[in-house]
Amino acid sequence: MKRRSFIKKAVLSSFATIIGTELVFGAKLPVGYIPLGAQEPDPFKMFSKHKDMVILNNKPWNIEAQAHLLDDKITPNASMFIRNNGKTPEEINVKTWTLTIDGESVQSKKTYTLADLKSKFKKHTYQLTIECGGNGRSEFTPAAKGNQWTIGAVHCASWTGVRLRDVLEDAGIKSDAVYIGYHGTDTHLSGDPTKEPISRGCPMSKALQDETLLAFEMNGKDIPIIHGYPLRLVAGGWPASVSGKWVNRISVRDQVHDGTKMTGTAYRVPCNAVAPGEKVKDEDMCIIESMPVKSLITYPKTGATLKEGKTLNIRGHAWAGELEVAKMEYSINFGSTWTSCSIQKPTNRLAWQHFSAAINFPKKGYYEVWARATDTNNFSQPMVLPGWNPKGYLNNACHRIAVKVV
Amino acid sequence: MEDKEFQKKIKKAERTAYIALFFSFVASVLLLIVVYNPTLSIFEHKSTAPLYTDIVEDEDKIENGIHIRTGLIEADGLMTVVNNCTNCHSAKLVTQNRMSAESWNNTIKWMQETQNLWDLGANQEIIVNYLVTNYPPIAKGRRMTLTNIDWYELKN
């Protein structure tokens, strides 16, 4: 093992010298191209991620944060989860990159270069909460197949781009338009060029929102390749799968988009609640739209011990899909009593909100600090798992951290 | 007379040697160029692949009951799983999932219908047996106890 990894490293670094820095090497080289086992590039370096990020999958790349890595108000790249469905695009040329607007419900098919998009339309910047629909999947019983996300598949970065609405209106939308579908340049894991790894979309009402952007910047810089460089759709508050990466085509559809992972059970939950493990027919599954209310304690990291009599200052973020978080509470007695946290207004619609509280513990012992957000429709996070569903989506159960007073 | 003939032959041989030296020099220069820039257009048909294959040794090494390359548990059916499952996706997608035989069979069916997975034939039973034996479902209840807590002293 030791020798193998040494050989791997030696080959990797000599390769890096040949074609440039390790980052360039990592970002440009399609992952599937490396014979499995021959070498394993360091994903933390390759994607500039924090060393505490957890790799769930390396083919395709699926990497999640932990609660304490998400403490920043605006999530930096280092802590942003990666959920890819296929292989990262191999060749990206910003000079020749185009975005085509087509579909049954577009007045006329139109193609824009990146320069067109940047010069023709007004730029906008929004902080947007983007959470994977399957965040929290690992807790469901019976287990749902797929990447076993715990709590770290969420981020709120600052995105800059042009409004999808402005571009769609420039191309012209017919009155029968109901949905958009995106297409990207990532490739199917099987290598089949006729298959798309993912092609989802959203209803026109979401597509035409102010905050739905065709983004080319993340936190003030070019979007990192793994997050969708050079062009990405961002639709805050909805399952992250709607925020398509490496987008080169948007189809305006006269029907609900039927691209890959739009049909069957993908990103759908039973229209009516079912018992755990129950079989659900495809036609009884409804597409997930706005994500449910949720929160995370990002400070302190779970496992804190503190001296008796000390006050514990906690902080974190809360979000509620299309809605706002109206109330934030914590409990140190497993939900027997709840105490208010202070919660800030979002910077803009669809940005997560920051909460904090100062907690005093009555005596020594083991505690769990639970956090519970309530949205403007008066829906709160459940303490147990919410409704079971076949694909393990929408687990918005309260987050908790372990604390010991000694 | 014979001497001259001999000298001529020597000269000829010398010339041949020089030419050979020249060509081997050219060849080594070309080789160096290829080594330092394997992306030369004439080698565009993925000529870089052999660079890797040489170092793939003990591909299927097992250490402490774990197949090092994939992280899968060593048990009956391991190589059938490795050969049929890890071509398209990472073994991590297998090891992080814990499902019943029925669910694994459904997953295989889904992969065949949508992900270009081939007909597994008799291997399907071997694969599913391996998975349910080594990665059985765990009952977690409605909320698991917090485990693996890394206790530390909070300074503030």
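Residues numbered from 1 in each chain as written. Chains lettered and ligands numbered in written order. Predicted model: local features only at pLDDT ≥ 70, side-chain atom pairs only at ≥ 80, totals over all residues. Heavy atoms only, no water.

Turning next to a positive patch on the surface. A surface patch of positive charge is lined by Lys9(B), Lys11(B), Lys12(B) and Arg15(B). Looking at the element boundaries, Arg15(B) is found in helix H1 (residues 2-36). (Patch = residues over 30% accessible without salt bridge, like charges linked within 9 Å, V, L, I, M, F, W, Y side chains within 5 Å. Areas by Shrake-Rupley, 256 points an atom, 1.4 Å probe, with all protein chains shown as cover. Salt bridge = Lys/Arg side-chain N within 4 Å of Asp/Glu carboxyl O. Lys, Arg positive; Asp, Glu negative; His and termini not counted. Charge placed at Lys NZ, Arg CZ, Asp CG, Glu CD. Helix = DSSP H or I, 4+ residues; strand = E, 2+ residues; numbered from the N terminus.)

All names here are of chain A. Counting 58 residues, the largest nonpolar core has Leu99, Ile101, Trp159, Val167, Ile180, Leu214 and Ile250 as its most contacted members. Sort the elements by how many residues they give to this core and strand E10 (residues 213-218) lands first, with 5 residues. Apart from the residues lying within four places of it in its own chain, the contact partners of Leu99 are Lys110, Thr111, Tyr112, Leu117, Val167, Leu214, Leu231, Val247, Asn248, Arg249 and Ile250. Membership of the second largest hydrophobic core comes to 25 residues, among which are Val325, Met328, Phe361 and Ala371. (Core = buried A, V, L, I, M, F, W, Y, C linked by side-chain atoms within 4.5 Å. Buried < 20%, exposed > 50% of the residue type's maximum accessible area, 1.4 Å probe, protein only. Contact = heavy atoms within 4.5 Å.)

Before going further, it helps to spend a moment on the packing of aromatic side chains. All names here are of chain A. For the structure on display, the rule yields 9 aromatic pairs over all chains. Ring centres of Phe47 and Trp61 lie 5.1 Å apart, and the angle between their planes is 80 degrees; on these two criteria the pair is classed as edge-to-face. Pair noted here: Phe47 is in the loop between helix H3 (43-46) and strand E1 (54-58) and Trp61 is in strand E2 (residues 61-64), with a separation of 14 residues, a long-range link. An identical accessibility class is assigned to Phe47 and Trp61; each is buried. (Phe/Tyr/Trp six-rings, centres within 6.5 Å; stacked < 30°, edge-to-face > 60°.)

Each strand in a sheet pairs with its neighbour through backbone hydrogen bonds, running either in the same direction (parallel) or in the opposite one (antiparallel). On the basis of which strands lie adjacent, the open sheet formed by 6 strands has the order E20(A)-E19(A)-E23(A)-E24(A)-E17(A)-E4(B) and mixed pairing. The two strands at the open ends of the sheet, each matched to only one other strand, are strand E20 (339-340) of chain A together with strand E4 (152-153) of chain B. (Pairing = 2+ DSSP bridges.)

With that settled, consider the environment of Tyr366(A). Summarising the element assignment, Tyr366(A) is placed in strand E23 (residues 365-375). You can call Tyr366(A) partly exposed: its relative accessible area is 36%. Along the backbone, Tyr366(A) and Lys404(A) are 38 residues apart, and their C-alpha atoms lie at a distance of 4.6 Å. Leave out the neighbours within four places in its chain, and Tyr366(A) touches Phe334(A), Ala402(A), Val403(A), Lys404(A), Leu146(B), Ile149(B) and Trp151(B).

Now for unusual backbone geometry. With glycine set apart, most residues show a phi of negative sign, and most peptide bonds adopt trans. Residue and element names in this part refer to chain A. In the segment running from Thr141 into Pro142, the intervening peptide bond is cis, with an omega of -5 degrees. As for its placement among the helices and strands, Pro142 is situated in the loop between strand E6 (123-131) and strand E7 (154-163). Here the bond from Tyr229 into Pro230 is cis, since omega is 5 degrees, no more than 30 degrees from zero. You can see Pro230 is positioned in the loop between strand E11 (221-222) and strand E12 (232-234). Backbone geometry at Trp246 places phi at a positive 50 degrees, although glycine is not the residue there. Within the secondary structure layout, Trp246 lies in the loop between E12 and strand E13 (247-253).

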